[in-house]
Amino acid sequence: METIRAAERAEAAYERKMYHYKAQYSLDCENGIENAVLLKPQTPEMLLEEKQFQEQVYAAVMKLPEKQAKRIYARYYLGMTVNEIAEVEGVDQSRVRDSIRRGLKQLVKYF
């Protein structure tokens, strides 16, 4: 009976914490319990579709004009910031930003 009461007290304390901190996430410290429930494992079909889509996106990026393709590749595949790309190319940040924006618009039209 004491174990049940302790569990009820722990649950009530947890709910008070959630309410007090307006938490939109769990305060549970267990390893992977929530991820196992929330994130469903991908099937081989889903993995294959995702890989094919990534290949299509890469191919579409490489069909863009050379500067746009390089800048989009650097930004989204290499994780460089606009400032870093501008420094490497020796151009203004606004040119890089505009070029990436135009390239993304072309990709939207493609897809």
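Keep in mind that what you see is a predicted model, and the values were worked out from it rather than measured.

**Q** Got a minute to help me understand the packing of helix α5 (residues 82–89) against helix α6 (residues 93–110) in this structure?
**A** Any two packed helices are characterised by the angle at which their axes cross and by the distance between the axes. Relative to each other, α5 and α6 sit at 115°, their axes nearing to 8 Å. Here α5 is positioned roughly perpendicular relative to α6, judged by the angle of their axes. Helix-helix and strand crossings are classified by hand; for α5 and α6 the assignment is right-handed. Here α5 contributes Val82, Asn83, Ile85, Ala86 and Glu89 to the contact with α6, which in turn contributes Gln93, Val96, Arg97 and Ile100. Partitioning the contact of α5 with α6 into residue classes produces five nonpolar, two polar and two charged.

**Q** Help me out: how do you make sense of the packing of aromatic side chains in this one?
**A** Where two aromatic rings form a pair, the distance of their centres and the angle of their planes describe that pair. Tallying each qualifying case throughout the model produces five aromatic pairs. Aromatic pair tyrosine 73 and tyrosine 77: ring centres 5.1 Å apart, planes at 15°, arrangement stacked. On the criterion of helical spacing, the pair formed by tyrosine 73 and tyrosine 77 is a turn pair, its members being four residues apart in helix α4 (residues 66–77). A relative accessible area of 38% places tyrosine 77 in the partly exposed class. Ring pairs connect the aromatic residues Phe53, Tyr110 and Phe111, which therefore count as one cluster.

**Q** What am I meant to see in the pattern of salt bridges here?
**A** Pairing between side chains of opposite charge can happen when the charged atoms of each approach one another. Summed over the entire model, instances satisfying the criterion amount to four salt bridges. Residue arginine 9 pairs with glutamate 2 through a salt bridge whose shortest N-O separation is 3.3 Å. Across the pair aspartate 98 and arginine 101 runs a salt bridge, and its minimum N-O distance is 3.0 Å. Placement of the pair is aspartate 98 and arginine 101 together in helix α6, with a separation of three residues, close to one helical turn. Looking at arginine 101, the relative accessible area reads 44%, which means it is partly exposed.

**Q** For this particular structure, what's the right way to read the side chain of glutamine 68?
**A** Note that glutamine 68 resides in helix α4. Taking relative accessible area as the criterion, glutamine 68 reaches 10% and is therefore assigned buried. Those residues in contact with glutamine 68 that sit more than four places away from it in its chain are Ser99, Arg102 and Gly103.

**Q** I keep staring at α4 and nothing clicks. Help me out?
**A** Residue pairs three or four apart in sequence face the same way in an α-helix, which turns once every 3.6 residues. Taking 1.5 Å of rise per residue, the twelve residues of α4 would be expected to cover 16 Å, and the 15 Å separating its terminal C-alpha atoms lies within 8% of that figure. Of the positions making up α4, those classed as buried are Gln68, Ala69, Arg71, Ile72 and Ala74. Looking at the buried residues of α4, the elements they touch are α3 (44–62), α5 and α6. Glycine 79 sits one or two positions beyond α4 and adopts a positive phi of about 75°.

Each value, and the rule that gives it
- Counting restarts for each chain: residues are numbered from 1 in the order of the written sequence.
- Note on the predicted model: pLDDT of at least 70 is required for a residue's local features to be given, and 80 or more for side-chain atom pairs to be given and counted; whole-chain, interface and lining totals, by contrast, use all residues.
- Based on all heavy atoms of the structure, the side-chain values leave hydrogens and waters out of the count.
- Structural elements are reduced to axes, namely lines fitted to C-alpha atoms, with helices fitted over the stretch in contact, and the angle between N-to-C directions of any two is expressed from 0 to 180 degrees.
- In this text, helices come from DSSP runs of H or I with a minimum length of four residues, and strands from runs of E with a minimum of two, each type numbered from the N-terminal end.
- Roughly parallel means an angle under 35 degrees; roughly antiparallel means over 145; roughly perpendicular covers 65 to 115; every other angle is labelled oblique.
- By convention the crossing between two helices is left-handed if the near helix lies anticlockwise of the far one by an angle smaller than a right angle, and right-handed if it lies clockwise.
- Any pair of residues with heavy atoms lying within 4.5 Å of one another is described as a contacting pair.
- Only Asp, Glu, Lys and Arg are considered charged in this grouping, and only Ala, Val, Leu, Ile, Met, Phe, Trp, Tyr, Cys and Pro are considered nonpolar; every other residue, Gly among them, is considered polar.
- Think of it this way: a Phe, Tyr or Trp ring, Trp meaning its six-membered ring, pairs with another when their centres are within 6.5 Å, and the plane angle makes it stacked under 30 degrees, edge-to-face over 60, tilted otherwise.
- Exposed residues in this analysis have more than 50% of their type's maximum accessible area, buried residues have under 20%, and partly exposed residues fall in between, with area computed by a 1.4 Å probe over protein chains only.
- Throughout this description, the term salt bridge denotes a Lys or Arg side-chain nitrogen within 4 Å of a carboxyl oxygen of Asp or Glu.
- By this rule the span expected of a helix is its residue count minus one, scaled by 1.5 Å.

Function-wise, these values are silent; they only describe arrangement.
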